[in-house]
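# A look at the structure
Chain by chain, the residues:
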Amino acid sequence: MAETTRITVTLPSALVEILKKSTDNVSGFVAEAVAERVRHDLLGEELRLYQEEYGAFTEEELAEARAEIFGALDADAGHHSARAA
């Protein structure tokens, strides 16, 4: 198990109510959300640095990336729905 540190955060009450209805593990939910945000920020920085060095992505490159990302998501969603059946 990863080492953890207890912290206190302040959230809007309405958000806390929704959060508690969504999960029994608020700490795990928040940790997962923070980890996702960190990955997003790091990826954004890597993409920025890549474009700084090699130039902006072309429309063709962007279309290919979208097809790979959304194709993988569509395939994954189909895989999940097949399991649920």
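What you see is a predicted model; the values in this text were computed from it and never measured.

### Here's the deal with helix α2 (residues 26-54)
Along an α-helix, residues three or four apart share an orientation, since each turn contains 3.6 residues. With 29 residues, α2 extends 42 Å from end C-alpha to end C-alpha; this agrees with the ideal 42 Å at 1.5 Å per step. Backbone geometry just after α2 places Gly55 at a positive phi near 95 degrees.

### As for the pattern of salt bridges
Enumeration according to the criterion identifies three salt bridges in this entry. Close ionic contact of Arg48 with Glu45 constitutes a salt bridge, the shortest N to O distance being 2.7 Å. With Arg48 and Glu45 both in helix α2 and three residues apart, this pair spans about one turn of that helix. With relative accessibility at 33%, the residue Glu45 sits in the partly exposed group. Of the charged contacts, one joins Glu52 and Arg48 as a salt bridge, the two residues approaching to 2.7 Å between their closest N and O atoms.

Conventions we followed
- Residues numbered from 1 in each chain as written.
- Predicted model: local features only at pLDDT ≥ 70, side-chain atom pairs only at ≥ 80, totals over all residues.
- Heavy atoms only, no water.
- Helix = DSSP H or I, 4+ residues; strand = E, 2+ residues; numbered from the N terminus.
- Expected span 1.5 Å × (residues − 1).
- Salt bridge = Lys/Arg side-chain N within 4 Å of Asp/Glu carboxyl O.
- Buried < 20%, exposed > 50% of the residue type's maximum accessible area, 1.4 Å probe, protein only.

By themselves, these figures tell us nothing about what the structure is for.
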